[in-house]
Each structure stands twice: as structure tokens, then as C-alpha cells.
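# Summary of the model geometry
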Amino acid sequence: MPHPAVVWDSALLKYDLGGEHPFNPVRLELTIRLATELGVLEDIPLLVPEPASDDELRRVHSDEYLAAVKQAPLAGWDVGHGLGTTDNPVFSDMHDATALVVGSTLLGARAIAEGATRRAVNIAGGLHHAMRDHASGFCVYNDCAVAISWLLDHGFERIAYVDTDVHHGDGVQTAFYSDPRVLTVSLHQHPFTLWPGTGYSAETGGPGAEGTAVNIPLPPGTRDPGWLRAFHAVVPSLLAEFRPQVLVTQCGVDSHEEDPLADLSLSVDGHRTIYRTLRALAEEHAEGRWLAVGGGGYQLIRVVPRSWTHLLATVLDRDLDPGTPVPPGWRTSVGRAAPNAELPLKMTDGAETEYRAWGDERDEPVDVAVRDTRRAVFPAHGLDPDDPRD
Ligand SMILES: [Zn+2]
């Protein structure tokens, strides 16, 4: 089996919401530069994407919405469909730029479906909030949902989607809410405390698909050990029962303690541990097939480049020791462009990621979500919500 596929082209930097918008493509550029300087991408041929076609976008988006996105840069501000707002400003070439993001994730999906590789990664993907007929949460088209829909038509009938972004993966959940072939799992900051205000444990899937939407809402301030405790109490058992043929993961890193838009307290070390866990689960339960995409992440300099360099390294089986120094070349060039930024010295935050497995005598803040979610979805999968062995 050849190397895992890394999808990248600098044209992806054109998905730029402009001005002071937090979704700044510099995070991708700094990630690729850091991964390159650390040798993570050495000898890895990059897959260069094409924009997704209208037919591919229509898998999950309406004709009216596609027309609105295409016309938006010419039509001024009043185009509806969630466009032209503070979150989703209209920008030139927005259709082409977003179609390219979708095409990138599709390219990874294709490489896996054709058997050219078992793993693919697209750090520019992960636009998980986009809905059928409207933009939402910085997301115009939903690359995750298009890729899953495409995989369902190309030989796969059970796909698991795991979303570790700090925000609820609402667009993907909605797209497949009544489709029993897709298990969507989202761990996120509790909807009572964070946009988009959905992702309660009680959201479990539509008629005929009960138990295939899984939500784990975590209290603000949750750190790596709590996050991992909740993850391990719910996700591995479900994957073992669901037996996906592909694992698709949205790997947003706005769950970091320093992220300006949300209030979970994970670290770069936690992110690295999550990626290694996802890889192991893909190997154990998804026949090794793993399609990983990016997502949110708004600490552009100190967090995203390091966390997604760990993601790239993990997908490529080139795991980096947390103590690896950040290369001086990267620090110098970034320091020139952002003289006031406090640059990271190492690929670690020095955080503790050891967790205690759920089911002990303790009662931790995340256990409310663990119990609620297990009780909401485990019975539909033949699992006992109150037995920690399940
Ligand atoms: Zn997010």
C-alpha cells in the first residue's frame, strides 16, 4: 500500500473570508510550512485537487443555494441563504474557492474508495456547519457531507463520522439524520454555552436511524483527561458495534485552551493523543480506512500549525515526539510577519493527557454527558448504557 494521501494546493488559501475574520487561511499556510520544516511531508507527493462539480455539490446542497453562492459576489449583500453576514461574508470567487475545498475532501475519499490508499487527509476541509440551503458558521459548502454521500454511492454502506471540533457538527448530523448507514458522533462544548446551540445527548437520529446520531456535550473548561474519558466511554464501543467501512473525522482544533472562540481547555498534546486514538480506531474498526479533515481553529500561530502538523504526522505514521523543537526557520519567518506573537518553542504544551476510564467510583464533570449519551444511544446498538464494560 502506498503512502497515505495528503491533499494540498496553495489555491486552497483562496477560501478567505477576508479582513479580521477569524477563519484565516494563514493557519493552513503556517501548518504546511511547519510540517515541511519538520520533514513530515518529505517524499510525500501531494494530491492536487480540482473543484467539485455542481453535480457533486448537489448531493447535499439545493440548486437555489448553489445559484445564490455563485451570484453573491455580484449581487451585493442581500442574497439570503446565510450569505453576507458577519459570520459568512461574501467574498470574490466564493463558489470556486469553496468548491475546491469540497473537491479536496472528495479527492481523498476517491483515493480511499479506489484502493489507492487507506488514509487521506485534507487540512483545508471540515466545513461541517454548512447546510443544504444556507451557509453557516464560516462554512459555505459541506465537504464532509458531500464526501460521505459520494462514498455511499461508491461501494460503502456503513460510514462513521467523528467530529472533535469544539462546535457541534450540526451540518453533517442534519444531512444524515435519518440515514442509518451513517453514524455521526460529535464531541463539543455544551450547546447551552456555545453556538450553534445544538448537539444535546437527546439528538439521536430520525425514524429508522435511531441511535445513529451521537452527541457528547462537554462542560466549558474540560481538559484533555476529561475529554478523553468521555470519548472512550462512548465512541469505541459504538464503532465496534457499527463496524464502519470508513472512518471520517473532522479534526477542528478550536477545542484548545487558547482558542479565542470557545471555552474547552484541550492542549496540543490532547490533540495529538486524539489523532493517535482515531488512527487506532480506524485500524481496529474501519478496515484501516481513515479520511481526516481539518475544521475550526482560531489560534492561528500558536495552536493550529502545531496541532495539524501532528495530524499530518499521525496520518502518515510519522508521529512526532511532543518534545520536538519548533524549527528556528519557522519561528524566524513567522516572527517577522507577526512580531508581537509569542511563538511556541516545542511541539508540546506540556499538558497531562493521562485519563481515568469511566466506570470508576469517581464522579467527574463530564460524566453527566457520558451517562446521558450512553443512555440515549447505547440500547439502539445492543449495548448496556450502565455497564462500563460496554
Ligand atoms: Zn468549530
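Below you will find a few notes about this structure. Keep in mind the model is a prediction, meaning the values are calculated, not measured. (Residues numbered from 1 in each chain as written. Predicted model: local features only at pLDDT ≥ 70, side-chain atom pairs only at ≥ 80, totals over all residues.)

## Considerations on helix α4 (residues 94-113)
- The first and last C-alpha atoms of α4 sit 28 Å apart over 20 residues, in line with the 28 Å expected at 1.5 Å per residue.
- In terms of burial, α4 is largely enclosed, as 18 of its 20 residues are buried.
- Phi turns positive one or two residues past the end of α4, at Gly115, with a value near 80°. (Helix = DSSP H or I, 4+ residues; strand = E, 2+ residues; numbered from the N terminus. Expected span 1.5 Å × (residues − 1). Buried ≥ 20, exposed ≤ 12 C-beta atoms within 10 Å, placed from the backbone.)

## A closer look at the sheet that holds strand β1 (residues 5-7)
- The eight strands are arranged β2-β1-β3-β8-β7-β4-β5-β6 in an open sheet whose pairing can be described as parallel. Of all strands in the sheet, those with a lone pairing partner are β2 (46-47) and β6 (213-218), marking the two edges.
- Two strands pair when backbone bridges link them, and strand β4 (residues 159-163) and strand β5 (residues 182-189) are joined in this way by five bridges, in the parallel orientation. Note on β5: the bridge partner recorded for Val162 is Val185.
- Against the sheet, helix α9 (residues 304-315) makes contact with β1, β3 (119-122) and β8 (290-293), and its axis sits at roughly 160° relative to β3, the strand it touches most. (Pairing = 2+ DSSP bridges. Contact = placed C-beta atoms within 7 Å. Axes fitted to C-alpha atoms, helices over the stretch in contact; angles between N-to-C directions.)

## Looking at the pairing of strand β7 (residues 246-250)
- Of all five residues in β7, five are buried; the element is thus mostly enclosed.
- By the alternation rule, side chains of β7 split into Val246, Val248 and Gln250 and Leu247 and Thr249, which are all buried.
- Summarising the sheet, β4 and β7 pair through five bridges and their orientation is parallel. Bridge pairing in β7 links Ile159 to Val246.
- As paired elements, β7 and β8 share four bridges and run parallel to each other. Following the sheet pairing, Val248 is matched in β8 by Leu291.
- You can see the chain leave β7, run along helix α8 (residues 268-285) and come back into β8, and the turn it takes is right-handed. (Right-handed = clockwise from strand over helix to strand, strands pointing away.)

## Overview of the nonpolar core
- Core analysis: the largest hydrophobic core is formed by 122 residues, its most contacted members being Ala147, Ile148, Tyr161, Ala230 and Leu247.
- Here the element with the most residues in this core is α4; it accounts for twelve residues.
- Leaving out residues up to four positions away in the same chain, Ala230 has contacts with Leu187, Ile216, Leu218, Val366, Ala369 and Val370. (Core = buried A, V, L, I, M, F, W, Y, C linked by C-beta atoms within 7 Å.)

## Quick look at the environment of Tyr65
- Along the chain, Tyr65 falls in helix α3 (residues 63-75).
- Sequence separation between Tyr65 and Arg318 is 253 residues, and the spatial gap between their C-alpha atoms is 41 Å.
- Residues in contact with Tyr65, not counting those within four places in the same chain, are His81, Arg132, Asp133 and His134.

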